[in-house]
Amino acid sequence: MFLTYMETVTKELVSWMRGHESSVFSISVHASGKYAITTSSDTAQLWDLDTFQRKRKLNIRQSVGIQKVFFLPLSNTILSCFKDNSIFAWECDTLFCKYQLPAPPESSSILYKVFAVTRDGRILAAGGKSNHLHLWCLEARQLFRIIQMPTKVRAIRHLEFLPDSFDAGSNQVLGVLSQDGIMRFINIQTCKLLFEIGSLDQGISSSVISPHGRYIASIMENGSLNVYSVQALTQEINKPPLPLVKVIEDLPKKKLSSSDLKMKVTSGRVQQPAKPRGSKIQTRILKQDLTGDFESEKNELPDGLNKKRLQILLKGYGEYPTKYRMFIWRSLLQLPENHTAFSSLIDKGTHVTFLNLQKKYPIKSRKLLRVLQRTLSALAHWSVIFSDTPYLPLLAFPFVKLFQNNQLICFEVIATLIINWCQHWFEYFPNPPINILSMIENVLAFHDKELLQHFIDHDITSQLYAWPLLETVFSEVLTREEWLKLFDNIFSNHPSFLLMTVVAYNICSRVPLLNCNLKDDFEFFFHHRNNLDINVVIRQVYHLMETTPTDIHPDSMLNVFVALTKGQYPVFNQYPKFIVDYQTQERERIRNDELDYLRERQTVEDMQAEVDQQRVEDEAWYQKQELLRKAEETRREMLLQEEEKIIQQRQRLAAVKRELQVKEMHLQDAARRRFLKLQQDQQEMELRRLDDEIGRKNLTENQAAVAKEMRADADAYRRKVDLEEHMFHKLIEVGETQSQKTQKVIKENLAKAEQACLNTDWQIQSLHKQKCDDLQRNKCYQEVAKLLRENRRKEIEILNAMVEQEAKKWKEAEGKEFCLRSAKKASALSDASRKWFLKQEINAAVEHAENPCHKEEPRFQNEQEDASCLPRTSHLNDSSEMHPSTQISLNRRAVEWDTTEQNLIQKVRNLRQRLTAQARHRCQTPHLLAA
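Just so it is clear, the structure is predicted and the values come from calculations on it, not from any experiment.

## Description of the overall build of the protein chain
- The secondary structure content of the protein chain amounts to 29 helices and 22 strands.
- The buried share of the protein chain, reckoned over its 931 residues, is 43%.
- Here the analysis covers contacts within the protein chain between residues at least 6 apart in sequence; of these, 63% occur between residues at least 24 apart.

What follows is the structure, encoded as structure tokens:
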């Protein structure tokens, strides 16, 4: 949480003060305006309003809590009230605990919530959640009265004393705002209900009383704001003051109980407090002193002070107490505190003369500068002469610095000073007051002729040794403490005391002044601080006041003290009006000329600014065009670079395409060469097979023995074929038990058994994602199957041609003898394989006949693997019955097959050999029978 300090006129934020952790619900400002106390539920903090720094902090236990902490009026005492009903009084400067109020009687103990203090700071009223009010005498430090409010009052929300112009601060009327929204005003002495404001229908939420007690402003519970006139509410307040004869009642010596102190509020007859038994009331009548009435009335000051006694106190101590100095000054000067009149002067705003005050008088503190500017403006609005007085800021500055937190008091102190202690200063305006300086010079000539002669010898006039001290009111040559001590004496004496102080200052400084010979040294001496005891100067002033002859004494030419009038400030016209008016007219003319000049200069500056602006805009336009041109060139360069990159990419792409085309051509050429080579190899193989067939046919024609052997072989072969056919017919007969449709499917499947085996093998290999060589082998299978089909069509023609070539192959027959024996073994293995195959097929057919819906498992792969175990020459028959030339041809053919099938897998090679052997055997049988 933090507090903000705002300027009421300019609405500017001056400062903020941090330190509270919870919300602040109470702020109390010292009468001098220098200190302030802020209170929250857990702490109270003392602030210095000159520096806006926290001076001290009051921390308490959380279980206790703070109700309110505030300054007592017209004193340096701080009163702190806690939630446990304990009340302490503290010294403001040292924060030393002065006293603690005793606990109230248990029979009338209430929890204090709200408090109010009279203007003289002598009586404290406290209330809370009860219809009782406790009145404390702070001087005697005891509870002297308990007031019982009407029964309708259950709790008290707010207390405030009603100020009165005739009671010297000892307020007798207390306003009590209760929970029902009604504010009742009672006399605390008579306990009589005077009047009340608010009602049950229109209750009061909060209320405040004006400083002079004339008006009461209340915020109603419905949100409206009501302003009441105290004079119209009751006639009791407007009665004249009581005579000076007073009846004094001595306080009882014994301790009073709460029943003795309790009094009820009545609306009719005044009820007196009950008198305790055994106490004797002593009365004394004050007799009127006729001889001392005038003197007593002359020395009586507001707020109960006496000027004669203050002077005696001042002579004894040399100065007033610091904590009471401002209060005493206000009483001595009898300040009227005209809030309305001062507000009207402030509302006129800053005077044109002081608009540029900071240029001539630069002050670091902005707050102090604003207060000085506002005070000087108020003085200039009060009287025209002060707007042309050049030394007015020098004269007012020390008072502004002293009363910067209370501008009303500051203004009235300066105005009182000007009216009384600056008499006849403006008669020779705008020159220094020659008449006043002559008075000072006459007094100095009477008391110190040697010093005056020294001034005359060095051409030092009173405008140099007296006027600087007067126009700055000694603020340049004295410290703060010395200056305050001096003005304690000035404000307590006749206005001539200030002039005598100038003479005393020179006389007390005669030794250094007699040693000065240059004019600059004199000027420096009267504008800077010097090593001089102010107490000696003040004693010298009193000596001069007493020893100066009447004919040259300034008091004979100066009027006595006159206070400012209340309500409105007096008219100040003690100056040559025609000179001021002339200067005002001249200054107005000069101001108008200056305004015309300023307007013309402003016009020229505006034109120059427009030209400069146009030049700046033109330069900016040219710069922008240059940037756009550079940006365009950059973009063009970027486009050219992109086009070059695209061309390079296209070139690389064309090169890649060319490389791909070359690679494709190479691949196509390699594929073509492989295909041609494959065709060539197939043609060569076919020619070699035809040569073998022709050789076999030649053998049957020329060799009868071979024919005989061949017939024997053919018979054996026929017997084997018959046996196979018998087994095949048996297989067919097993399938005849099925339906006609099933027999047809079986016949078709038997016809395409070998081809289906090849296709099934290719499909299985494709599903298992075989490598590329699997596809090549499948292609070879298809080509071999095609060749076999073509061979079956042309076998008859080829066999006839082979007969013619048989003679040529006799020479090769000798080399095939070795192969004959192996061919016989291969033939036996081939027979066993076929028998096994037929047996398997018969078993499958039987199983299918028994269970037609059962899916037949492929056996081609296993059969192929079994067939792969056969020798390469399994296609040959038993060589024991073969012609030698045929054996040679077969041997040579086997060698050639080994050469052409090196790049194929063993399984493909064995399968092709088996198929070729089977086809050869089928075609060879008819030929042998015909032979």
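## A short note on the packing of helix α8 (residues 366–382) against helix α10 (residues 407–421)
- Interaxial distance between α8 and α10 falls to 10 Å at its minimum, and their mutual angle equals 50°. Classed by the angle they form, the pair α8 and α10 counts as oblique. Seen along the crossing, α8 lies across α10 with a hand that is right-handed. Across the interface between the two elements, V371, R374, T375, A378, L379 and W382 from α8 touch Q407, C410, F411, I414, A415 and I419 from α10.
- Its residues placed into classes, the contact of α8 with α10 shows nine nonpolar, two polar and one charged.

## Things to note about the pairing of strand β18 (residues 193–197)
- The buried fraction of β18 is high, at four of five residues.
- Alignment of strand β17 (residues 183–187) against β18, held across four bridges, turns out to be antiparallel. Bridge pairing in β18 places I186 opposite L193.
- Counting the residues that bridge the hairpin from β17 to β18 gives five residues, and of these C191 lies at a positive phi of roughly 55°.

## Quick look at the pairing of strand β5 (residues 43–48)
- Taking burial as the measure, the six residues of β5 include six buried ones, the bulk of the element.
- Across the two faces of β5 the burial is the same, with T43, Q45 and W47 and A44, L46 and D48 all buried.
- Where strand β4 (residues 35–40) lies against β5, five bridges are found, and the strand directions are antiparallel. Bridging across to β5, T39 finds its partner in A44.
- Hairpin connection between β4 and β5: a loop of two residues separates the two successive antiparallel strands.

## Side note on the side chain of T416
- Turning to its location among the elements, T416 is positioned in helix α10.
- Overall, T416 belongs to the buried group, its relative accessible area being 1%.
- Reaching out from T416, the side chain makes a polar contact with the backbone oxygen of E412 at a distance of 2.7 Å.
- Beyond its immediate chain neighbours, meaning those up to four positions away, T416 contacts L333, L335, W421, F561 and L564.

## What about the packing of aromatic side chains?
- What the rule picks out here adds up to 33 aromatic pairs.
- Summarising the aromatic geometry, the rings of W421 and F561 are spaced 5.8 Å apart at their centres and angled 55° between planes, so their arrangement reads as tilted. Pair noted here: W421 is in helix α10 and F561 is in the loop between α19 (534–547) and α20 (577–702), with a separation of 140 residues, a long-range link.
- For W421, a relative accessible area of 3% puts it in the buried group.
- In this structure an aromatic cluster arises from ring pairing among F342, W382, F386, Y391, F411, W425, F426, W467, Y569 and F572.
- In this structure, K68 is placed above the aromatic ring of F70, and the distance from its NZ or CZ to the ring centre is 5.2 Å.

## Side note on unusual backbone geometry
- One non-glycine residue, N85, lies in positive phi territory at about 70°.
- Here N85 lies in the loop between β8 (77–82) and β9 (87–91).
- A positive phi angle is found at D459, which is not glycine, with a value near 60°.

Calculation criteria
Residues numbered from 1 in each chain as written. Predicted model: local features only at pLDDT ≥ 70, side-chain atom pairs only at ≥ 80, totals over all residues. Heavy atoms only, no water. Helix = DSSP H or I, 4+ residues; strand = E, 2+ residues; numbered from the N terminus. Buried < 20%, exposed > 50% of the residue type's maximum accessible area, 1.4 Å probe, protein only. Contact = heavy atoms within 4.5 Å. Axes fitted to C-alpha atoms, helices over the stretch in contact; angles between N-to-C directions. Parallel < 35°, antiparallel > 145°, perpendicular 65-115°, else oblique. Left-handed = near helix turned anticlockwise from the far one by under 90°. Nonpolar A, V, L, I, M, F, W, Y, C, P; charged D, E, K, R; others polar. Pairing = 2+ DSSP bridges. Polar contact = N/O pair within 3.5 Å; in protein donor to acceptor, adjacent residues only side chain to side chain. Phe/Tyr/Trp six-rings, centres within 6.5 Å; stacked < 30°, edge-to-face > 60°. Lys NZ or Arg CZ within 6 Å of the ring centre and 35° of its normal.

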